[in-house]
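Geometric and topological summary
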Amino acid sequence: MHVDQLDAAQRAQALAQAESDYHALLAQGLSLDLTRGKPSAEQANLSNALDGILDGNYFAQDGTDVRNYGGIDGLPEAKALFAQVLQVPADEMLIGGNASLTLMYQVIDFALRFGFHKAWNTGDSTPKFLCPVPGYDRHFSICEYLGIEMVTLPMLDDGPDMDVAEALVQELDNVCGIWCVPRFSNPTGCVYSEATLARLAALPKLAKSDFLIMYDNAYAVHALTADAPALGNIREHAIAAGTLDNIVQFGSTSKITFAGAGVAFLSTSKSNLAAFKKYLGFQTIGPDKVNQLRHVAFFKDHSGLMAHMDRHADIMKPRFDAVLSTLEAQLGGTGMGTWISPEGGYFVSFETRPGLAKAVIQLASDAGIKLTPAGATFPYGNDPQDSNIRIAPSFPSIADVQATMDAFVVCVRLATLRSLAK
Ligand SMILES: Cc1ncc(COP(=O)(O)O)c(C=O)c1O
């Protein structure tokens, strides 16, 4: 029953039940952790054949000895493979090291200092970035570290609220870009709609400043089911809008092969690539091409990569099912929280009633359950509504995910009923 429809006696009874359930939880002495948005060892095991796969053959298709220096933008066969993940032509790709986050940091650093068209860090006002919230904390840390002011905008079920985004870029000075995780967004799990992509691609034309879309497609191929929603092609919208120079797309195999030893890549216009390659050339004489070749040998082609992702889905789906079925069974229709059921990615994003996220997380912590700190999904760690909690079910065993969720719903019930009793 919806909590707002309970009369005083029913509410008191529900609170007493929640208190007693919570005491039972405390007595269990649990030690569980639902904070880690990283693949499990079982998932990493899917890619163990990378080890030794070259078997002494260190030569790329064009005869390059991959053990040596050079090839700043990566191997052609790696470009061809990962271009299909981003749905772009291979000659608009650059293959980097093990982390797309590094590429993102470098792109922002480059744009601040030198700019794809002109440097951001010139005029009087601080560069600003649009940050759809809730979002990925490490995007926000890059901005904070590099002195970019963050302006939040709401995340809807089909992507960022584009009405707000369009108004902000026209109103504010020096809005230089936006962060996007377009498929299975971190953490809401939403997939940007075609209409959102079209408006996003046109945003640079409305902005007063040189504007960059940081299009982090980290979960491009990370569906849980075969019929999960596809993502449209931002590049086609950008070509139609004449904004290809204002978009950089990112991806990596961190959640495909090894999170610490995968391959990261980006795609942007050819002129941007040329400028960025020059910048990179002062930092490295070339990326780890051995690992790039290993990945090509491992997947062979895009269908090999997609078949591999099906094996990930087999491991991930029961964990997501445990989260979602517990939320639905215990909190569905109670008005104690909302969530969307993601069809891919790594997270479930839970919204408590306003002002209760910290209380839920504290109750869970006291019962031995680690949840991502409240506010972590917001710039400066500040969730003004204090309502968002990011649930990351990939790493623990299914049994631990289930035990954590059973405890989580008790904490939500208790925090909600306590707040209503005040
Ligand atoms: C949206 C998003 N982008 C990037 C990353 C990190 O990617 P990489 O390992 O390629 O640096 C993550 C990891 O959680 C993520 O959620």
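The structure presented is a predicted model; accordingly, all values stated were derived computationally and were not measured. (Residues numbered from 1 in each chain as written. Predicted model: local features only at pLDDT ≥ 70, side-chain atom pairs only at ≥ 80, totals over all residues. Heavy atoms only, no water.)

1. Examining the overall build of the protein chain
- Of the regular secondary structure elements, the protein chain holds 13 helices and 13 strands.
- With the C-alpha coordinates aligned to their principal axes, the bounding extent of the protein chain is approximately 75 × 55 × 35 Å.
- Relative to all contacts within the protein chain whose residues are 6 or more apart in sequence, the contacts with residues 24 or more apart total 76%.
- Carbon and sulfur atoms make up 51% of the accessible area of the protein chain, which totals about 17100 Å². (Helix = DSSP H or I, 4+ residues; strand = E, 2+ residues; numbered from the N terminus. Contact = heavy atoms within 4.5 Å. Areas by Shrake-Rupley, 256 points an atom, 1.4 Å probe, with all protein chains shown as cover.)

2. Here's the deal with the domain arrangement of the protein chain
- Once the domains are mapped, the protein chain shows domain 1 (3-43 + 307-421) and domain 2 (55-300).
- Using only C-alpha atoms to locate each centre, domain 1 and domain 2 end up separated by 31 Å.
- Between domain 1 and domain 2, the contact holds 27 residues from the first and 33 residues from the second.
- Counting the surface lost from both domain 1 and domain 2, the interface buries some 2400 Å², and carbon and sulfur atoms represent 67% of this.
- Contact with domain 2 buries surface across domain 1, with Met309, Glu343 and Tyr380 losing the most and accounting together for 25% of the total.
- Summed over the shared surface of domain 1 and domain 2, the result is zero salt bridges.
- Summed over the shared surface of domain 1 and domain 2, the number is seven residue pairs in polar contact (both at pLDDT 80 or more). (Domains from an automatic or database assignment. Buried area = accessible area lost by both parts, 1.4 Å probe. Salt bridge = Lys/Arg side-chain N within 4 Å of Asp/Glu carboxyl O. Polar contact = N/O pair within 3.5 Å; in protein donor to acceptor, adjacent residues only side chain to side chain.)

3. So, the site of the ligand
- Neighbouring the ligand are 13 residues; Ser100, Asp216, Tyr219, Ser254 and Lys255 lie closest to it.
- Between the ligand and Ser100 there is a distance of 2.6 Å, counted from an oxygen atom to a side-chain nitrogen or oxygen.
- The contact in question runs from an oxygen atom of the ligand to an N or O atom on the side chain of Tyr219, over 2.6 Å.
- Contact with the protein chains removes 88% of the 400 Å² of surface that the ligand exposes when unbound. (Near = heavy atom within 4 Å.)

4. Some details on the pairing of strand 13 (residues 388-391)
- The two faces of strand 13 match: Asn388 and Arg390 on one face and Ile389 and Ile391 on the other face are all buried.
- Two elements, strand 11 (residues 348-352) and strand 13, share four bridges in a ladder whose sense is antiparallel. Within the sheet, the bridge partner assigned to Val348 lies in strand 13 and is Ile391. (Buried < 20%, exposed > 50% of the residue type's maximum accessible area, 1.4 Å probe, protein only. Pairing = 2+ DSSP bridges.)

5. Some points on the state of the cysteines
- With the rule as written, the count across this model stands at zero disulfides.
- Considering cysteine sulfurs only, Cys131 is the nearest to Cys180, which forms no disulfide, with 10 Å between them.
- Not part of a disulfide, Cys190 finds its nearest cysteine sulfur in Cys180, a span of 10 Å. (Disulfide = S-S within 2.5 Å.)

6. Focus: the sheet that holds strand 6 (residues 175-180)
- Read from one edge to the other, the open sheet built from eight strands follows the order 2-9-8-7-6-3-4-5, with strand pairing classed as mixed. On the outer flanks of this sheet lie strand 2 (93-95) and strand 5 (159-160), each paired with one strand and no other.
- Pairing of strand 2 with strand 9 (residues 264-267), which is carried by three bridges, proceeds in the antiparallel orientation. Opposite Leu94, over in strand 9, you have Leu266 as the bridge partner.
- In the packing of helix 3 (residues 76-86) onto the sheet, contacts are made with strand 2, strand 8 (247-252) and strand 9, and the angle to strand 2 comes to roughly 115°.
- Relative to the sheet, helix 9 (residues 270-281) contacts strand 2, strand 8 and strand 9, its axis offset from that of strand 2 by approximately 20°. (Axes fitted to C-alpha atoms, helices over the stretch in contact; angles between N-to-C directions.)

7. Some points on the packing of helix 11 (residues 302-331) against helix 13 (residues 398-421)
- Running from amino to carboxyl end, helix 11 crosses helix 13 at an angle of 25°, the nearest separation of the two axes being 9 Å. Here helix 13 runs roughly parallel to helix 11, going by the angle between their axes. The handedness of the crossing between helix 11 and helix 13 is right-handed. Counted together, Pro318, Arg319, Ala322, Val323, Thr326, Leu327, Gln330 and Leu331 of helix 11 and Ile398, Val401, Gln402, Met405, Asp406, Phe408, Val409, Val412 and Arg413 of helix 13 form the full contact between these two elements. (Parallel < 35°, antiparallel > 145°, perpendicular 65-115°, else oblique. Left-handed = near helix turned anticlockwise from the far one by under 90°.)

8. Some details on the environment of Gly368
- Here Gly368 lies in the loop between helix 12 (357-366) and strand 12 (369-370).
- With a relative accessible area of 24%, Gly368 lands in the partly exposed category.
- Expressed as a C-alpha distance, the spacing of Gly368 and Leu26, which sit 342 residues apart in the sequence, is 7.9 Å.
- If sequence neighbours within four positions are ignored, Gly368 has contacts with Leu30, Ser31 and Leu32.

9. Topic: the nonpolar core
- If you look at the biggest cluster of nonpolar residues, it comprises 75 residues, and the most contacted ones within it are Leu130, Leu200, Tyr215, Leu327, Phe350 and Phe408.
- Formed jointly, this core draws a minimum of three residues from each of two domains, domain 1 (3-43 + 307-421) and domain 2 (55-300).
- With near-sequence residues (within four places) excluded, Leu327 lies in contact with Gly332, Trp339, Val348, Phe350, Met405, Phe408 and Val409.
- If you look at the next biggest cluster of nonpolar residues, it comprises 32 residues, including Ala111, Ile148, Trp179 and Tyr279. (Core = buried A, V, L, I, M, F, W, Y, C linked by side-chain atoms within 4.5 Å.)

10. Remarks on the pairing of strand 7 (residues 212-216)
- Among the five residues that make up strand 7, five are buried, leaving the element largely enclosed by the rest of the structure.
- Neither face of strand 7 is exposed, since Leu212, Met214 and Asp216 on one face and Ile213 and Tyr215 on the opposite face are all buried.
- Bridge count between strand 6 and strand 7: four bridges; the pairing is parallel. Among the inter-strand pairings, Ile178 is bridged to a residue of strand 7, identified as Ile213.
- Handedness of the crossover joining strand 6 and strand 7 through helix 7 (residues 194-206) is recorded here as right-handed.
- Pairing geometry for strand 7 and strand 8, over four bridges, is parallel. Within strand 8, the position partnered with Met214 by the bridge is Val248. (Right-handed = clockwise from strand over helix to strand, strands pointing away.)

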